[in-house]
Amino acid sequence: MAEPLKTFVNGVEVEVPNSIPDIRVALPEDRREEFDRAINAAGVHDIHAVMRHWMLEAVPDPEADILLARLATDEAERRGVA
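This one's a predicted model, so the numbers in the text were calculated from it and none came from an experiment.

Focus: the environment of Thr 7
Move 1: Relative to the elements of secondary structure, Thr 7 occurs in strand β1 (residues 5–9).
Move 2: Owing to a relative accessible area of 30%, Thr 7 belongs among the partly exposed residues under this scheme.
Move 3: For Thr 7 and Glu 63, which are 56 residues apart along the polypeptide, the C-alpha to C-alpha distance reads 14 Å.
Move 4: Setting aside its immediate chain neighbours within four residues, Thr 7 contacts Val 12, Glu 13, Val 14, Val 16 and Val 59.

Now the structure itself:
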């Protein structure tokens, strides 16, 4: 099992997925097929770069999550659902 990695996003420490299955799960569903193609096409000399690219794409962004939650709440209130 891959040891977890951590980085900072906008001053908040977040875990970075560090294995092919963990990266795949962390990606939005609509990006997983492209990830699978990229990983499966990567050769021995390219696999690290391909994984790094997708690891960074899969890193959670706490500020974006907060913004999306606020937008969803605003939309629900606008529609009278909240």
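Focus on the pattern of salt bridges
Move 1: A complete count under the given rule lists five salt bridges for this structure.
Move 2: Residues Asp 36 and Arg 24 are paired through a salt bridge, measuring 2.8 Å at the closest nitrogen-oxygen approach. Taken together, the residues span a long stretch of sequence, with Asp 36 in helix α2 (residues 29–41) and Arg 24 in helix α1 (residues 20–26) at a distance of 12 residues.
Move 3: Owing to a relative accessible area of 23%, Asp 36 belongs among the partly exposed residues under this scheme.

With respect to the nonpolar core
Move 1: Ile 23, Leu 27, Phe 35, Ile 39, Val 50, Trp 54 and Val 59 are the most contacted members of the largest nonpolar core, which totals 14 residues.
Move 2: Of all the secondary-structure elements, those providing two or more residues to this core are β2 (12–16), α2 and α3 (47–58).
Move 3: The biggest single contributor to this core is α3, with five residues.
Move 4: Residues contacting Val 50, with those up to four places away along its chain left out, are Ala 38, Ile 39 and Ala 42.

Structural notes on a nonpolar patch on the surface
Move 1: Together, Leu 67, Leu 68 and Leu 71 make up an exposed nonpolar region whose accessible area comes to about 280 Å².
Move 2: Mapped onto the elements, Leu 71 comes out in helix α4 (residues 62–79).

Structural notes on the confidence of the model for the protein chain
Move 1: This prediction gives the protein chain a mean pLDDT of 86; 91% of its residues lie at or above 70.
Move 2: Across the protein chain, the element-wise mean pLDDT spans from 78 in α4 up to 96 in α2.

Some words on α3
Since the α-helix packs 3.6 residues into each turn, any two residues three or four apart lie on the same face.
Move 1: Here α3 contains 12 residues, and its C-alpha end-to-end distance of 16 Å stays within 8% of the 16 Å for a straight helix at 1.5 Å per residue.
Move 2: What α3 keeps buried is the set Val 50, Met 51, Trp 54, Met 55 and Ala 58. Viewed end-on, α3 has its buried residues packed into an arc of 135 degrees, placing them on one side of the element. Residues of α3 that are exposed and point more than 90 degrees away from the buried face comprise His 48 and Leu 56.
Move 3: On its buried side, α3 packs onto β1, β2, α1 and α2.

About the cut-offs
- Residues numbered from 1 in each chain as written.
- Predicted model: local features only at pLDDT ≥ 70, side-chain atom pairs only at ≥ 80, totals over all residues.
- Heavy atoms only, no water.
- Helix = DSSP H or I, 4+ residues; strand = E, 2+ residues; numbered from the N terminus.
- Buried < 20%, exposed > 50% of the residue type's maximum accessible area, 1.4 Å probe, protein only.
- Contact = heavy atoms within 4.5 Å.
- Salt bridge = Lys/Arg side-chain N within 4 Å of Asp/Glu carboxyl O.
- Core = buried A, V, L, I, M, F, W, Y, C linked by side-chain atoms within 4.5 Å.
- Patch = residues over 30% accessible without salt bridge, like charges linked within 9 Å, V, L, I, M, F, W, Y side chains within 5 Å.
- Areas by Shrake-Rupley, 256 points an atom, 1.4 Å probe, with all protein chains shown as cover.
- pLDDT = per-residue confidence, 0-100.
- Expected span 1.5 Å × (residues − 1).
- Arc of directions from axis to C-beta.

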